[in-house]
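Coordinate analysis (summary)
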Amino acid sequence: MAYENNHYIPQFILRQFGDTINVYNTQEGMLKKNQQTYQIFSERKIYPSDLEREIGNKLESPFAKLFHDKLTSGGPGAKITLTRKELQLMKRFYVLETIRVLSMKRTFGFEQNISSLYASFFPGFRERKISSETPTDRWHRNIQVIIESESLDTVDKHPLCTYEILKWAHIFKSGYFAFWDCSDSGVDFIISDAGMTSEVEPAKLKDGIEHTKKDELFRLSEREMNIQKKAAYPNMLYAQSLFHENFYMFPLSKGRMIVTVNPFFSLYDNKTKLAKPSEWPTVIQNRRLFEKNIAPKLTVILGKPLYRDDDEFTYTVQQVSATDAEYINMLMLDRVEHYMGYVNWNAISSSMKRYISFYDEIKMRPPVDYSSLLQKCNCE
């Protein structure tokens, strides 16, 4: 089967960073400046050519149109209106962006051996076993399931569906989108080969586990006397069983990113008629970044909600401060596998210095060494 030079970050996203971008190889300590975007974040023999074509035709092309028509429009404060069908496309696309990167091949190889642990979360499902399936085969299989499913709601109907892809579908179904924009902050977002970057609770750094969100949900559930409101907490608690982190981040350009937010944060939104938690489980302090969309009034017929493809949801593009943009970059710098990219060193240098200072202060070696990059750029 023929293989081609495959990109694991779509070109229509990379082009939003400009015609050229600076790329730093963290493994070799090598900085390459002004690289053409079509030449970076790609490898040979990532996917078979037929799978690459399916990725392009069934997900990248439809998402690219939505990307250019709506997702990058306006600045901070702008409104973006998306239909339910468009949101379903976005969720599938961002599951793909999470699993298509090279590091997920190793992850799926590991999860293949422990996939039975997920069986308790999906009791009505049994995956099809394929003899002699390699980690690469498993990785391609999971990609195929996402690109060939019409929505995340139907993933379990695909004959090749696995437990781990059901896990990712559940995570993105339970979360909600937010649009973050730092274009007025003086700080640029970076881009990396990690595919998806997340924030864990600060509690995990102290205790080794994420428990703040779960503790708060148990407390609020116990105090809630209204039966209808109380019924909302079990689903939210169940979501925490797989969506451990606070949010997942996906840069669209140097000034904008899409974020998938843990449903726990919807409790702080005034549109949610439930008690607000007393703890705030993220380093980011601007709570407006976690506001939910404005959703249409749900129609219920014979006790069942009626969902229409053309239902419209309105989002506000939220402005990110320089302090929060630096922190977001620090999270991303922490997870780079091999390559990170940026447009303007002056717009990311404060993030880099803050990252290095953070690990100096806690007297730990950072997961990724950027000392060579800092030295190269500071000498210019």
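Residues numbered from 1 in each chain as written. Predicted model: local features only at pLDDT ≥ 70, side-chain atom pairs only at ≥ 80, totals over all residues. Heavy atoms only, no water.

1. Looking at the sheet that holds strand β5 (residues 79-83)
Keep this limit in mind: Paired strands, in this sense, are two strands between which DSSP finds at least two bridges. Put simply, DSSP H or I for four residues or longer makes a helix, DSSP E for two residues or longer makes a strand, and each gets a number counted from the N terminus. Angles run from 0 to 180 degrees between N-to-C directions of axes, and those axes are lines fitted to C-alpha atoms, restricted for helices to the stretch in contact. Whether two residues touch is decided by their heavy atoms; if any such pair falls within 4.5 Å, the residues are in contact.
Pairing is mixed across the open sheet formed by 6 strands, whose spatial order is β5-β13-β6-β10-β9-β8. The open sheet has two free edges, formed respectively by β5 and β8 (197-199), since each of these has just one partner strand. Each strand axis lies, on average, 30 degrees off the axis of its neighbour in the sheet, ignoring direction. In this structure, β8 lies alongside strand β9 (residues 247-251), joined through 3 bridges in antiparallel fashion. Residue T197 lies in a different strand from β9, and its bridge partner there is M249. With respect to the sheet, helix α6 (residues 163-174) is in contact with β6 (176-181), β9 and β10 (256-261), its orientation differing from that of β9 by roughly 90 degrees. Contacts between helix α11 (residues 322-335) and the sheet are confined to β6, β8, β9 and β10, with β8 contributing the most and set at about 120 degrees to the helix.

2. Considerations on α6
Put simply, the rule reads: Take the number of residues in a helix, subtract one, and multiply by 1.5 Å to get its expected span. Relative accessible area decides the class of each residue, using a 1.4 Å probe on protein chains only: under 20% of the type maximum gives buried, over 50% gives exposed, and in between gives partly exposed.
The terminal C-alpha atoms of α6 lie 17 Å apart, and with 12 residues this matches the ideal 16 Å at 1.5 Å per residue to within 8%. For α6, the full list of buried residues reads Y163, E164, I165, L166, K167, W168, A169, H170, I171 and F172.

3. Focus on the environment of S61
On the secondary structure map, S61 appears in helix α2 (residues 49-71). Owing to a relative accessible area of 45%, S61 belongs among the partly exposed residues under this scheme.

4. Some details on the sheet that holds strand β3 (residues 30-36)
Across the sheet, which stays open at both edges, the 4 strands sit in the order β3-β2-β14-β7 with antiparallel pairing between neighbours. Pairing within the sheet leaves two strands with one partner each, and these edge strands are β3 and β7 (191-192). As judged from the 5 bridges shared by strand β2 (residues 20-25) and β3, these two strands associate in the antiparallel manner. Residue pairing for β3: I21 is matched across the bridge by Q35.

5. Description of the packing of aromatic side chains
In plain terms, the rule: Aromatic pairs are defined between Phe, Tyr and Trp rings, using the six-membered ring for Trp, whenever the two ring centres lie within 6.5 Å; interplanar angles under 30 degrees are classed as stacked, those over 60 as edge-to-face, and all others as tilted. Counting as a charge over the ring demands two things of the Lys NZ or Arg CZ atom: a distance within 6 Å of the ring centre and an angle within 35 degrees of the ring normal.
Within the structure shown, the criterion is met by 33 aromatic pairs. When the ring of W180 is compared with that of F247, the centres are 5.3 Å apart and the planes differ by 70 degrees; the resulting orientation is edge-to-face. Here F247 lies in strand β9 and W180 lies in strand β6, a separation of 67 residues in the sequence. Both residues of the pair, W180 and F247, count as buried. An aromatic cluster is built from F12, F63, F67, F93, Y94, W168, F172, F177, F243, Y248 and F250, whose rings are joined through pairwise contacts. Its guanidinium or amino end placed over the ring of F177, K91 lies 5.1 Å from that ring's centre, counting from NZ or CZ. Here the basic side chain of K292 rests over the ring of Y176, its NZ or CZ set 5.3 Å away from the ring centre.

6. Quick look at the side chain of S198
Secondary-structure assignment places S198 in strand β8. Owing to a relative accessible area of 2%, S198 belongs among the buried residues under this scheme. With near-sequence residues (within four places) excluded, S198 lies in contact with E245, F247, Y248, L331 and R335.

7. Thoughts on helix α5 (residues 135-148)
Taking 1.5 Å per residue as the helical rise, α5 with its 14 residues ought to reach 20 Å, and the 20 Å between its terminal C-alpha atoms agrees with that figure. Residues R138, W139, H140, R141, N142, I143, V145, I146 and I147 constitute the buried set of α5.

8. Topic: the environment of L252
Relative to the elements of secondary structure, L252 occurs in the loop between β9 and β10. For L252, a relative accessible area of 0% translates into the label buried. In the structure, L252 is positioned 183 residues away from D69 in sequence and 13 Å away in space, judged by C-alpha atoms. What L252 contacts, discounting residues up to four positions off in sequence, is I13, Q16, F17, F67, L71, Y94, M257 and I258.

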